[in-house]
Amino acid sequence: MMPANFAPFHFAGCVGRDAGLVSRPQPPARLRRMPLAGCSGTGIATVAARARRAAVAAVATDSRHNAAMSDAPADLLTVAISSRALFDLEESNSLFEAQGIDAYAAHQRSREDDVLEPGIAFPLVRKLLALNEGAPADSPRVEVILLSRNSSDTGLRVFNSIQHHGLAISRATFTSGAPTWPYIKPFGAQLFLSANAESVRGALENGVAAATILPAASMAKAVPAHRHDQLRIAFDGDAVIFDDEGERVSQEGGIEAFHRHERERAHEPLPGGPFRGFLDALHRLQAAYPPGEDSPIRTALVTARSAPAHERVIRTLREWGVRLDEALFLGGRAKGPFLDVFGADIFFDDSLHNIDSARQHVATGHVPHGVSNP
Ligand SMILES: [Mg+2]
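Read on for a plain summary of the structure.

The rules behind the values
- Residues numbered from 1 in each chain as written.
- Predicted model: local features only at pLDDT ≥ 70, side-chain atom pairs only at ≥ 80, totals over all residues.
- Helix = DSSP H or I, 4+ residues; strand = E, 2+ residues; numbered from the N terminus.
- Contact = placed C-beta atoms within 7 Å.
- Buried ≥ 20, exposed ≤ 12 C-beta atoms within 10 Å, placed from the backbone.
- Pairing = 2+ DSSP bridges.
- Right-handed = clockwise from strand over helix to strand, strands pointing away.
- Axes fitted to C-alpha atoms, helices over the stretch in contact; angles between N-to-C directions.
- Parallel < 35°, antiparallel > 145°, perpendicular 65-115°, else oblique.
- Nonpolar A, V, L, I, M, F, W, Y, C, P; charged D, E, K, R; others polar.
- Core = buried A, V, L, I, M, F, W, Y, C linked by C-beta atoms within 7 Å.
- Domains from an automatic or database assignment.

### As for the environment of Leu-317
Alright, step 1. Turning to its location among the elements, Leu-317 is positioned in helix H13 (residues 310-320).
Alright, step 2. With residues near it in sequence (within four places) discarded, Leu-317 still touches Val-322 and Leu-324.

Structure representation (structure tokens):
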């Protein structure tokens with residue numbers, strides 16, 4: 001349930017580097033402390049010493065049992081995000097790496113009222129939350145959960161910034177350095193975005209779609225400019241939506257062997273990959289809106305496949321009953337310029353080669369899965 005102090009979003013105006021979707025008057029830069037009690041009713045879990053034990057226990061738990069643990073409504077799209085993916089925390093992260101946890105904690109506390117700048121996934125999160133416009137307050141379409149390795153104490157700056165930017169995020173965990181991904185399934189999240197590659201691998205190994213968001217400091221561009229009111233998400237095919245069978249054949253036998261393999265199996269649906277569940281959830285949400293340009297969500301498949309390897313993909317999506325609005329069969333062309341034209345708010349790919357091209361143009365999430373990520 002959304003806290004009462006968050007107003008619905010509208011599509012108007014801009015703020016800071018995001019130039020995104022803002023409706024609320026912005027509070028002054030110096031903030032009052034956000035009372036955590038205001039969120040406690042919605043389940044803030046502040047975790048310190050017990051977090052590591054809880055994390056280990058969750059690892060040992062069967063993933064299907066974990067899925068059943070969630071009490072989130074079945075049709076709710078839930079996205080879990082780390083504080084470094086949501087905000088630009090690179091300065092404090094550099095301090096942490098150079099001088100350790102005590103210097104980091106002192107830095108965060110001394111700047112508790114300084115608002116954090118948007119991070120790479122900020123425009124995406126804003127658009128996700130804007131999908132709740134017009135939905136009843138007690139049954140939102142989308143929920144974004146914060147999973148932070150900060151302590152709740154140093155995480156106060158993150159919550160202050162969430163409030164400042166008018167993001168309707170009320171559920172969070174702070175684990176004081178312990179892994180956050182074990183909490184993804186109890187929350188029922190279908191997607192996890194983090195700047196921490198280890199966390200992302202943990203989530204993927206436990207059956208959750210997850211991607212590493214590369215920090216702003218290493219990006220060729222800062223937070224991407226807002227170009228569409230639509231939420232636009234682009235996916236690679238092999239080892240992301242689909243499993244990595246095609247990638248394996250291609251790497252072992254070359255492109256001819258791959259095309260022969262796919263031609264022979266054109267009528268055999270591809271097995272699902274790590275992002276199939278998220279794609280399904282997104283599709284269910286998308287189905288609530290009219291198709292086409294008026295839909296607030298637009299999706300694209302952007303794959304290195306080309307004919308004759310296209311047919312199996314098309315037949316597989318038909319078999320799954322999933323619609324992708326655009327399908328780009330690029331036959332090995334650099335993906336970045338095509339993603340630029342599509343205007344992706346985020347693009348997911350397992351190949352770092354493709355990520356290097358894509359991140360010159362759009363926000364990217366690396367999916368460390370399959371034969372390309374041993
Ligand atoms: Mg791939």
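Read on for the rest.
### Points about the pairing of strand E6 (residues 209-213)
Alright, step 1. For E6, the tally of buried residues reaches five of five residues, placing the bulk of the element in the interior.
Alright, step 2. Burial along E6 is two-sided: the residues Ala-209, Ala-211 and Ile-213 and Ala-210 and Thr-212 are all buried.
Alright, step 3. The sheet contact formed by strand E5 (residues 191-194) and E6 spans four bridges and is parallel. Pairing of Leu-193 across the sheet is with Ala-211, part of E6.
Alright, step 4. Assessed by its sense of winding, the connection that carries the chain from E5 through helix H10 (residues 197-205) to E6 is right-handed.

### Topic: the packing of helix H5 (residues 90-99) against helix H6 (residues 101-110)
Alright, step 1. Relative orientation of the contacting elements H5 and H6 amounts to 150°, with a least axis distance of 7 Å. Looking at the two axes, H5 sits roughly antiparallel to H6. Within the contact between the two elements, H5 uses Ser-92, Leu-95, Phe-96 and Gln-99 and H6 uses Ile-101, Ala-103, Tyr-104, His-107 and Gln-108.
Alright, step 2. Residues of the contact of H5 with H6, tallied by class, amount to five nonpolar, four polar and no charged.

### Section: the nonpolar core
A general trend in soluble globular proteins is that nonpolar side chains are found buried together.
Alright, step 1. Core analysis: the biggest nonpolar cluster contains 82 residues, and Ile-81, Ala-121, Val-125 and Phe-192 have the highest contact counts within it.
Alright, step 2. When residues of this core are assigned to their parent elements, the largest contribution, six residues, is made by helix H7 (residues 122-130).
Alright, step 3. Residues from two domains meet in this core; each of domain 1 (37-212) and domain 2 (231-366) gives at least three.
Alright, step 4. Residues within four places of Phe-192 in sequence aside, it is in contact with Ala-80, Trp-181, Ile-184, Val-200, Ala-203, Val-208 and Ala-210.

### Observations concerning the pairing of strand E3 (residues 142-148)
Alright, step 1. Counting buried residues along E3, seven of its seven residues qualify, which places the element largely inside the surrounding structure.
Alright, step 2. Of the two faces of E3, the one carrying Val-142, Val-144, Leu-146 and Ser-148 and the one carrying Glu-143, Ile-145 and Leu-147 are both buried.
Alright, step 3. Direction of pairing for strand E2 (residues 77-81) relative to E3: parallel, over a ladder of five bridges. Opposite Val-79, over in E3, you have Val-144 as the bridge partner.
Alright, step 4. Across three bridges, E3 lies against strand E4 (residues 172-174) in parallel orientation. Counterpart to Leu-147 in the pairing with E4 is Thr-173.

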